[in-house]
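Below are the chains, spelled out letter by letter.
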Amino acid sequence: MWRVVILKWDSLVLSIVSFMYGMMLLSFPQILGGYMVYNLIDELFDYHTIGITFMLLGFMKTLGVFLNSKKIKRISLVSLAMVWSVFSVSFLLSPPPNTIWIFSLGMALLAFGIALKEG
């Protein structure tokens, strides 16, 4: 088990951070409604959908790693890269200037890097 954790550290970080991010959005809906930076995202999706999406994809990625299922890993990885990319662009375009887009871009690039490595 520890060997899987060490070998798949980057995948596990992506999945755990995504799950936790979704859990926070779901637990505290005022995050999306109360901060100006989330306006573009909030107009497209409600906090419940976004939170569940991050949690589901993070869980799927973790499950794929431990089951060594290429199909589950691929679907969750592509989906996480897409969701984090959408967040990055939305945060970049929304006022006021912020740093959240850099975090989101980092998560998207992490997902793309894992895809290149696993491809």
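Quick note: structure is the one above.
What counts as what
Residues numbered from 1 in each chain as written. Predicted model: local features only at pLDDT ≥ 70, side-chain atom pairs only at ≥ 80, totals over all residues. Heavy atoms only, no water. Helix = DSSP H or I, 4+ residues; strand = E, 2+ residues; numbered from the N terminus. Rg over C-alpha atoms; globule rule 2.2 N^0.38 Å. Buried < 20%, exposed > 50% of the residue type's maximum accessible area, 1.4 Å probe, protein only. Core = buried A, V, L, I, M, F, W, Y, C linked by side-chain atoms within 4.5 Å. Contact = heavy atoms within 4.5 Å. Expected span 1.5 Å × (residues − 1).

Of the regular secondary structure elements, the protein holds 7 helices and 0 strands. The linear arrangement of helices and strands in the protein, starting from the amino end, is α-α-α-α-α-α-α. Here the C-alpha radius of gyration of the protein, 14 Å, is about what a compact globule of 119 residues would show, namely 14 Å. Its C-alpha atoms put the protein at 40 × 25 × 20 Å along the principal axes. Relative to its 119 residues, the protein shows a buried fraction of 37%.

Before going further, it helps to examine the nonpolar core. Counting 21 residues, the largest nonpolar core has Leu14, Tyr21, Leu25, Tyr38, Phe54, Trp84 and Phe87 as its most contacted members. Of all the elements in the fold, those that place two or more residues in this core are α2 (9-27), α3 (30-34), α5 (47-67), α6 (70-93) and α7 (100-118). With 7 residues, the top contributor of residues to this core is α6. Among all residues touching Tyr38, those that are not within four sequence positions of it are Tyr21, Leu25, Ile31, Leu32, Phe87, Phe91 and Ile100.

Below, the discussion takes up α2. End to end, α2 covers 26 Å across 19 residues, agreeing with the expected 27 Å (1.5 Å per residue, within 8%). Restricting attention to buried positions, one finds in α2 the residues Asp10, Ser11, Leu12, Leu14, Ser15, Ser18, Tyr21, Gly22 and Leu25.

A few words now on unusual backbone geometry. Of note in the backbone geometry, Asn68 takes a positive phi value of approximately 55° without being a glycine. Structurally, Asn68 can be placed in the loop between α5 and α6.

The topology assignment puts Phe66 in helix α5. In sequence terms Phe66 and Leu12 are 54 residues apart; their C-alpha atoms lie 9.7 Å from each other. The residues contacting Phe66, other than those within four sequence positions of it, are Met1, Val4, Val5 and Leu12.

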